[in-house]
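What the coordinates show
Residues per chain are reported as follows:
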Amino acid sequence: MSLLVTGSIAIDTVKTPHGISENCIGGSAVYFSMAASFFCPVRLVGAVGADCPFDFAKVFAGRNVDLTGLEVRENSKTFRWVGSYAENMDSRTTDYIELNVLAEEPPAVPVKFSDSKFVFLANTAPNLQLKLLNQIDKPVFVAADTMDFWIEGQPEDVKTLLKKINCLVINEDEARLLAKEHDLIKAAEKILDMGTDVVIIKKGESGSVMCNAEGDKFILPAYPAAEVRDPTGAGDSFAGGFMGYLAQTGKTEFASLKAAVAYGTVVASFTIADFSLNGLIAIDKTDIDDRFETLRKCTSF
Ligand code: AMP
């Protein structure tokens, strides 16, 4: 089934203990699209400014990503993000952020995309996520991501968003911040009370936990990856693998959501092996399926 994503398209500068990658391609919608395209066709909706140095047709060449919804704004500038990671790569600091196009009106969803059944509202301003969602006719399954920047800056919009989606994918610190609750299971329950049917809390190298409104729970460790050079985009790649698998199968019951979490986990393990999109560019679907089987063996007893 059709999968649409909207979110940030960024010029990133990332510093990790393994090096620095300056002015590289990034953004939540970009990582998501690359990750999800291993599973199904992806419709990308986003905006950049005239300063954007990337040739997206080349970036996504041969990958079944429809760029009709990519807007280049002549009088705007592209979103910029500068981040750095501490020695253990566990904590990340945003050193600098320039919202630019993200502070403007959202891009229009092309009419031919308005029938999209699976929708991912990747990390961007929640009022933009809401305006974009309003342009989709009858989505079957809508998931969203958000982050501290928006939870603190636009809390009411984040709460409105939660009432309109089926699934929130969020990291553990953000879940605690949103729920105002330290215990993660209690935080998940509080987030479910805010309106979404499913919440997935990502815990970095400790894996993830998924809870739904019926009380079902699923926990999965991270893939035991040996190489970690740059964790940027892990969350968006997780979401891309997760939603890509669901859109490919067209199913959303809990058993499918569990397999989708495993695919998300595996795809993220490739992203973190290198800077920017390089980890995902280096692989094909067979690599993903191999790691999926390894993860299954590692977690069954
Ligand atoms: P992740 O590591 O999966 O959380 O996502 C990293 C990507 O998110 C980077 O490529 C950034 O450009 C992008 N990003 C960082 N801050 C924001 C923000 N406030 N809104 C939207 N995207 C962001």
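The structure this text deals with has already been given above.
How each quantity is defined
Residues numbered from 1 in each chain as written. Predicted model: local features only at pLDDT ≥ 70, side-chain atom pairs only at ≥ 80, totals over all residues. Heavy atoms only, no water. Helix = DSSP H or I, 4+ residues; strand = E, 2+ residues; numbered from the N terminus. Expected span 1.5 Å × (residues − 1). Buried < 20%, exposed > 50% of the residue type's maximum accessible area, 1.4 Å probe, protein only. Contact = heavy atoms within 4.5 Å. Phe/Tyr/Trp six-rings, centres within 6.5 Å; stacked < 30°, edge-to-face > 60°. Pairing = 2+ DSSP bridges. Axes fitted to C-alpha atoms, helices over the stretch in contact; angles between N-to-C directions.

1. Comments concerning helix 9 (residues 254-271)
Along its 18 residues, helix 9 runs 26 Å from first to last C-alpha, staying within 8% of the 26 Å computed at 1.5 Å per residue. The buried fraction of helix 9 amounts to 16 of the 18 residues, a majority that puts the element mostly inside the structure.

2. Considering the side chain of R73
Within the fold, R73 resides in strand 5 (residues 65-73). Taking the relative accessible area as the measure of exposure, R73 reaches 14% and is therefore buried. Each residue touching R73, except ones within four places of it in the same chain, is listed here: A47, V48, G49, A50, V101, E104, E105, P106 and P107.

3. Some remarks on the packing of aromatic side chains
All chains considered together, the criterion is met by eight aromatic pairs. Relative to F242, the ring of F238 has its centre 6.5 Å away and its plane inclined at 10°; by these criteria the two rings are stacked. With F238 and F242 both in helix 8 (residues 234-249), this residue pair falls four residues apart, about one helical turn. We note that F238, like F242, is buried.

4. What about the sheet that holds strand 3 (residues 19-26)?
Across the sheet, which stays open at both edges, the four strands sit in the order 3-2-6-7 with mixed pairing between neighbours. Two strands bound the open sheet, and with one partner strand each, they are strand 3 and strand 7 (92-98). For this sheet, the mean angle separating the axes of adjacent strands, direction not counted, is 15°. With six bridges joining them, strand 6 (residues 79-85) and strand 7 adopt antiparallel strand pairing. When the bridges of strand 7 are listed, R80 appears paired with E98.

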